[in-house]
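Each chain, written out:
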Amino acid sequence: MDKKQLRNTLLLVCGAFIWGTAFVAQSVGSDYMGPYTFLAGRSWLACAFLLGLMAVLRKMGRTNTAAEPGFWQNKKVLVKGGIFCGAALFAASAAQQMGIGTTSTAKAGFMTALYVVLVPVTSIFFGSRPGVKLWSCVVVQIMLVNHFSPQLDGIQLSFMQFLVVAVLSTVFMFAFETPTVEQFRGAAVSIAYCGIMSSGVAYTLQIVGQKELDPTIASLAMCLESVFSALAGWLILGETLSATELCGCVLMFGAIVASQLPEKKRG
């Protein structure tokens with residue numbers, strides 16, 4: 001594995017750590033408000049954070065202004081990618097938040113990691129054929145990001161997808177829930193962590209890290225969020241891990257290590 005592949009893998013592992021610890025914040029937040037309200041709060045905060053980040057980076061001259069004049073790069077693809085990635089992310093995030101209020105953070109994390117089984121199958125329809133070893137080591141949003149991220153600025157794609165999530169979750173919030181100021185006050189810390197760190201930082205790490213990285217390896221790296229969620233639930237919330245869950249942690253680490261080993265070339 002070259003240095004760029006290793007760097008991108010490590011970026012995804014860092015993102016997985018943030019996502020894993022965010023399960024604790026999501027669990028606490030579910031005690032104060034409904035899933036759509038929580039998702040709307042964290043997504044709007046993520047949009048504000050990413051918009052500010054883009055402005056700062058542009059002022060520092062760290063954006064690719066030569067690609068296309070103006071602030072937004074490759075606008076047509078950006079809008080298309082934001083809509084598709086955002087819609088998929090909204091569906092996944094809403095389902096996850098609904099479930100996390102009724103189970104432990106460890107179980108929620110391991111159920112979320114089931115996407116690692118689906119990615120190799122889905123990747124065939126996008127023209128990518130994983131090797132035999134990656135099949136043995138084994139969702140839609142990951143594949144969509146893998147498709148659009150090489151064509152776009154990573155932070156801008158992250159902003160657009162969260163803008164779509166924010167709009168959709170706000171519509172569903174007012175349609176099915178009754179948000180109050182007291183709810184947002186009680187869940188303020190949880191929303192802040194999920195909005196800035198989990199949504200703003202971790203999903204940007206995902207988009208940047210997935211560039212030129214095999215989607216199956218990417219999914220294996222990101223599935224470590226289940227391991228981190230289990231550990232965070234144990235350390236912060238006092239949740240216990242069964243023997244089965246502990247074995248699952250070991251298998252997750254084994255899978256990602258195995259996926260990085262070079263395959264033997266046929267003569």
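Residues numbered from 1 in each chain as written. Predicted model: local features only at pLDDT ≥ 70, side-chain atom pairs only at ≥ 80, totals over all residues. Heavy atoms only, no water.

1. Quick look at the overall build of the chain
A count of helical and extended segments in the chain gives 13 helices and zero strands. Reading the secondary structure of the chain in the N-to-C direction produces α-α-α-α-α-α-α-α-α-α-α-α-α. Across the 267 residues that make up the chain, the buried fraction comes to 48%. Split by element, the accessible area of the chain, about 13100 Å² in all, is 69% carbon and sulfur. (Helix = DSSP H or I, 4+ residues; strand = E, 2+ residues; numbered from the N terminus. Buried < 20%, exposed > 50% of the residue type's maximum accessible area, 1.4 Å probe, protein only. Areas by Shrake-Rupley, 256 points an atom, 1.4 Å probe, with all protein chains shown as cover.)

2. Details of the packing of aromatic side chains
The full count for this structure, using the stated rule, is six aromatic pairs. Summarising the aromatic geometry, the rings of Phe17 and Phe228 are spaced 5.3 Å apart at their centres and angled 80° between planes, so their arrangement reads as edge-to-face. The interplanar angle of 55° and the centroid separation of 5.2 Å between the aromatic rings of Phe90 and Phe172 together place this pair among those described as tilted. We classify Phe172 as partly exposed; its relative accessible area is 28%. Members of the aromatic cluster, each reached through a chain of ring pairs, are Tyr36, Phe90, Phe172 and Phe176. (Phe/Tyr/Trp six-rings, centres within 6.5 Å; stacked < 30°, edge-to-face > 60°.)

3. Considering the nonpolar core
Membership of the largest hydrophobic core comes to 39 residues, with the highest contact counts inside it found for Leu12, Phe148, Leu152, Leu157, Phe159 and Phe162. Looking at this core, the elements with two or more residues in it are α1 (3-29), α2 (35-59), α3 (75-100), α7 (140-148), α8 (154-176), α10 (188-209) and α11 (215-222). Apart from residues lying up to four places away in sequence, Leu152 is in contact with Gln73, Asn74, Val77, Leu78, Leu157 and Lys211. One finds Ala22, Ala25, Phe38 and Cys194 within the second-largest nonpolar core, a separate group that totals seven residues. (Core = buried A, V, L, I, M, F, W, Y, C linked by side-chain atoms within 4.5 Å. Contact = heavy atoms within 4.5 Å.)

4. Description of α1
For α1, spanning 27 residues, the distance from its first C-alpha to its last is 39 Å, which sits close to the expected 39 Å at 1.5 Å a residue. Of all the bends in α1, the greatest, near 25°, is centred on Phe23. (Expected span 1.5 Å × (residues − 1). Bend = angle between axes of the 7 residues up to and from the residue.)

5. Structural notes on the packing of α1 against α11
Viewed as axis vectors pointing N to C, α1 and α11 meet at an angle of 35°, and their least axial separation amounts to 8 Å. Considering only the axes of α1 and α11, their crossing is right-handed. On α11, the residues touching Thr9, Leu12, Val13, Ala16 and Trp19 of α1 are Ile217, Ala218, Ala221 and Met222. Taken together, the residues of the contact of α1 with α11 break down into eight nonpolar, one polar and no charged. (Axes fitted to C-alpha atoms, helices over the stretch in contact; angles between N-to-C directions. Left-handed = near helix turned anticlockwise from the far one by under 90°. Nonpolar A, V, L, I, M, F, W, Y, C, P; charged D, E, K, R; others polar.)

6. A closer look at α10
Between its terminal C-alpha atoms α10 stretches 29 Å, which fits the 32 Å expected from 22 residues at 1.5 Å a residue. Its maximal kink placed at Cys194, α10 deviates by approximately 30°.

7. What to know about the side chain of Thr9
With respect to the secondary-structure elements, Thr9 resides in helix α1. The class of Thr9 is buried, set by a relative accessible area of 7%. For Thr9, the side chain forms a polar contact with the main-chain oxygen of Gln5, separated by 2.8 Å. (Polar contact = N/O pair within 3.5 Å; in protein donor to acceptor, adjacent residues only side chain to side chain.)

8. Thoughts on the environment of Ser93
Considering the arrangement of structural elements, one finds Ser93 in helix α3. What Ser93 contacts, discounting residues up to four positions off in sequence, is Leu39 and Tyr203.

9. A closer look at a nonpolar patch on the surface
Judged by side-chain polarity, Val28, Tyr32, Leu231, Trp234, Leu235, Ile236 and Leu237 come together as a nonpolar surface patch covering roughly 670 Å² of accessible area. If you tally residues by element for the nonpolar patch, the top one is helix α12 (residues 225-236), at four residues. Note on placement: Ile236 falls in helix α12. Taking the relative accessible area as the measure of exposure, Ile236 reaches 57% and is therefore exposed. (Patch = residues over 30% accessible without salt bridge, like charges linked within 9 Å, V, L, I, M, F, W, Y side chains within 5 Å. Salt bridge = Lys/Arg side-chain N within 4 Å of Asp/Glu carboxyl O.)

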